[in-house]
Amino acid sequence: MDIFGWIQELAELVTFQWLHLEPGSYVGEATNFFIYDVIKIGLLLVVINYVMAIVRYYFPMEKVREVLARRRWYGLDYLLAAGLGAITPFCSCSSIPLFIGFVGAGIPLGVTFAFLISSPLVNEASLYLFPAMFGLKITLLYNAVGIIIAVLGGMLIHRLGAEKYVRQELLQFGARGRFEDSGAGKRISASALAARFWSDGMAITRQVFPYVVIGVALGAVIHGFVPADLAEQYLASRAWWTVPLATVLGAPLYANSVSVIPVMEALAGKGVPLGTALAFMTAIVTISIPEGLILKKVMRWQLLALFFGITTVGIMAMGYFINWVT
Amino acid sequence: MLTIKVLGSGCPNCKKLEAAAKQAIEGTGVKAEVVKVTDYAEIMKYDILSTPGLVVNEKVVSYGRIPAVSEISSWLADAELKAA
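Just so it is clear, the model here is predicted, and its values are computed rather than measured.

Trainee: An account of the overall build of chain A is needed here, citing residue identities and associated values.
Mentor: Scanning chain A from N- to C-terminus turns up 15 helices and zero strands. Within chain A, buried positions represent 41% of all 326 residues. Here the analysis covers contacts within chain A between residues at least 6 apart in sequence; of these, 86% occur between residues at least 24 apart.

So this is what it looks like as structure tokens:
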């Protein structure tokens with residue numbers, strides 16, 4: 001992407017002119033990668049979080065629930081749920097209120113799961129960062145496959161009649177204090193809104209940025225110090241077992257999607273097949289043991305196992321598919 | 001006396017919201033007590049879908065984000081006017 005050309009020039013200026021590092025040396029290449037990626041991802045993060053703040057304001061979870069609860073689109077509601085899961089930002093610490101709120105409002109369990117599966121799988125990073133990192137084709141393929149996995153997973157959960165594994169006693173809440181728009185009666189001016197989006201977005205950027213720096217540092221180490229022939233020998237294999245291995249290795253790790261991307265970018269740069277690298281990243285981002293423990297409070301282990309099983313199989317399928325087409 | 005509830009299971013964002021609420025109380029000088037609600041059964045009674053949530057005198061004023069201290073201050077002022 002050409003719009004990032006100036007960052008590359010800046011990174012090279014700092015690395016090779018100011019720091020006097022040798023072009024082609026391990027330290028030089030790693031530093032160059034680090035400066036370039038920190039600036040590029042940092043800037044993209046600011047933009048993404050601003051956009052996400054706007055989305056959250058005009059399209060809060062309450063509206064998602066309303067749309068899903070009101071309309072029965074006979075099969076299409078799975079697609080709708082997966083699509084909404086993709087565009088709305090989601091934080092795993094909100095998964096319980098979300099789950100209870102959806103199922104309690106009469107949204108079928110399968111549709112709720114289509115949303116829950118697609119939400120971390122297709123996320124702001126895959127939608128907005130991938131085009132700048134891996135190009136349009138990979139972006140479209142990845143997100144399309146993510147939506148398909150979510151739809152099929154939701155349908156499977158419906159088919160299996162998994163409703164019996166939900167802890168019913170948690171769904172009996174009558175709403176007490178309905179949300180009232182705090183701005184009711186007084187119009188929020190456009191400039192106040194813009195300021196609010198900015199401060200909300202920057203709050204998240206500040207939270208995530210340290211992890212992005214760690215991710216980029218890891219990526220820089222891989223980029224600069226892992227010798228190409230070593231990587232070629234061990235990592236670039238297209239053997240069938242590499243995708244499951246990458247998924248299993250990524251599963252116990254948990255990190256924000258934006259911070260994992262530089263690591264993946266470096267791996268792909270070393271010749272790791274893109275599908276394998278994507279499977280690794282998606283497993284890190286999607287399969288979260290803390291989230292599992294939280295969800296355990298509202299569902300029995302059978303349903304939880306089903307949820308994790310579907311996600312794991314889905315990630316592997318996505319990895320094979322991307323490897324096959326690239 | 002206002003009752004302010006911070007709804008959330010104890011995630012880092014809930015703690016930040018609590019701190020912001022306390023700051024707003026100090027800044028505006030209103031009399032208020034801050035209650036932390038961590039039990040999901042209690043939280044769900046307010047029908048919010050994302051945490052942390054902020055409740056002023058049983059009215060949900062925000063959820064799913066950490067509002068600025070100035071925003072919280074204006075909600076406190078509103079609630080004081082209503083209560084008076």
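Picking up where we left off.
Trainee: Got a sec to walk through the interface of chain B and chain A? Specific residues and values, please.
Mentor: Taken together, the contacts link 23 residues of chain B with 24 residues of chain A. The leading source of residues in the side of chain B that touches chain A is strand β4 (residues 59-63) of chain B, at four residues. Looking at the side of chain B that touches chain A residue by residue, the classes come out as 13 nonpolar, five polar and five charged.

Trainee: Any chance you could break down the confidence of the model for chain A for me, citing the residues and the numbers?
Mentor: A low pLDDT means the predicted coordinates there should not be read in detail. Residue and element names in this part refer to chain A. Counting all residues, the mean pLDDT for chain A is 83, and 89% of those residues have values of 70 or more. Across chain A, element-level confidence peaks in helix α8 (residues 136-159) with a mean pLDDT of 93 and bottoms out in helix α10 (residues 228-234) with 70. Here residues 174-185 is a poorly scored stretch, pLDDT under 50, and it has 20 contacts once near neighbours within four places are set aside; other chains count.

Trainee: Please provide a residue-by-residue account of the pairing of β4 of chain B, values included.
Mentor: Residue and element names in this part refer to chain B. With four bridges connecting them, strand β3 (residues 53-56) and β4 associate as antiparallel partners. Residue pairing for β4: V56 is matched across the bridge by K59. If you look at the hairpin formed by β3 and β4, you'll find two residues sitting between the two strands, and N57 has a positive phi there, around 45 degrees.

Trainee: Let's hear about unusual backbone geometry: which residues, and what values?
Mentor: All names here are of chain B. Omega for the bond connecting T51 with P52 falls within 30 degrees of zero, at 0 degrees, which places this linkage in the cis form. When you line up the elements, P52 lands in the loop between α2 (40-44) and β3. Positive phi outside glycine occurs at N57, with the angle close to 45 degrees. Among the secondary structure elements, N57 is positioned in the loop between β3 and β4. We classify N57 as partly exposed; it has 19 C-beta atoms within 10 Å.

Trainee: Could you give an account of the confidence of the model for chain B, with specific residues and numbers?
Mentor: Of all residues in chain B, 100% attain a pLDDT of 70 or more, and the chain-wide mean is 87. This complex was scored by the predictor with a pTM of 0.81 and an ipTM of 0.73.

Trainee: Lay out the sheet that holds strand β2 (residues 32-37) of chain B in plain terms, naming residues and giving numbers.
Mentor: Residues and elements named next belong to chain B. The strand order across the open sheet formed by four strands is β2-β1-β3-β4, and the pairing between neighbours is mixed. Looking at strand neighbours, the two that pair on one side only are β2 and β4, the edges of this open sheet. The average angle at which neighbouring strand axes cross in this sheet is 20 degrees, direction not considered. Across the sheet, helix α3 (residues 69-83) lies against β1 (2-7), β2, β3 and β4, angled at about 140 degrees from β1, the strand it touches most.

Trainee: Talk me through the nonpolar core; I want residue IDs and the actual numbers.
Mentor: In terms of nonpolar packing, the biggest core is built from 111 residues, with A82, A114, M264 and M281 of chain A together with A21 of chain B touching the most fellow members. Per-element accounting of this core gives the leading share, twelve residues, to helix α2 (residues 26-58) of chain A.

Trainee: Which residues make up helix α1 (residues 5-18) of chain A, and what values go with them?
Mentor: Because an α-helix completes one turn every 3.6 residues, residues spaced three or four positions apart along the sequence face the same direction. The terminal C-alpha atoms of α1 of chain A, which comprises 14 residues, lie 19 Å apart, in line with the 20 Å expected from a rise of 1.5 Å per residue. In the segment just after α1 of chain A, H20 of chain A is the residue with positive phi, at about 55 degrees.

Trainee: Would you mind going over the packing of α1 of chain A against α2 of chain A in detail, with residue names and values included?
Mentor: Residues and elements named next belong to chain A. Between α1 and α2, the shortest axis-to-axis distance is 9 Å and the interhelical angle comes to 140 degrees. Between α1 and α2, the angle is such that the two are oblique. Seen from above, α1 lies across α2 with right-handed handedness. Counted together, I7, Q8, A11, E12, V14, T15 and F16 of α1 and G28, T31, N32, I35, Y36, I39 and K40 of α2 form the full contact between these two elements. Tallied by class, the residues present in the contact of α1 with α2 amount to seven nonpolar, five polar and two charged.

Trainee: Which residues make up helix α5 (residues 95-104) of chain A, and what values do they have?
Mentor: Among the ten residues in α5 of chain A, nine count as buried, and that is most of the element. Considered for burial, the residues of α5 of chain A that qualify are S95, I96, P97, L98, F99, I100, G101, F102 and V103 of chain A. On the buried face of α5 of chain A, the contacting elements are α3 (61-70), α6 (109-121) and α14 (289-295) of chain A together with α2 of chain B. A positive backbone phi angle near 90 degrees is found at G106 of chain A, which sits one or two residues after α5 of chain A.

Trainee: Could you give an account of the environment of I43 of chain B, naming the residues involved and the relevant values?
Mentor: Tracing the sequence through the fold places I43 of chain B in helix α2. Taking C-alpha positions, I43 of chain B is 11 Å from V60 of chain B, a pair spaced 17 residues apart along the chain. Among residues more than four places away in sequence, those in contact with I43 of chain B are P97 of chain A together with L7, V37 and T51 of chain B.

Quick notes on the rules
Residues numbered from 1 in each chain as written. Chains lettered and ligands numbered in written order. Predicted model: local features only at pLDDT ≥ 70, side-chain atom pairs only at ≥ 80, totals over all residues. Helix = DSSP H or I, 4+ residues; strand = E, 2+ residues; numbered from the N terminus. Buried ≥ 20, exposed ≤ 12 C-beta atoms within 10 Å, placed from the backbone. Contact = placed C-beta atoms within 7 Å. Nonpolar A, V, L, I, M, F, W, Y, C, P; charged D, E, K, R; others polar. pLDDT = per-residue confidence, 0-100. Pairing = 2+ DSSP bridges. Axes fitted to C-alpha atoms, helices over the stretch in contact; angles between N-to-C directions. Core = buried A, V, L, I, M, F, W, Y, C linked by C-beta atoms within 7 Å. Expected span 1.5 Å × (residues − 1). Parallel < 35°, antiparallel > 145°, perpendicular 65-115°, else oblique. Left-handed = near helix turned anticlockwise from the far one by under 90°.

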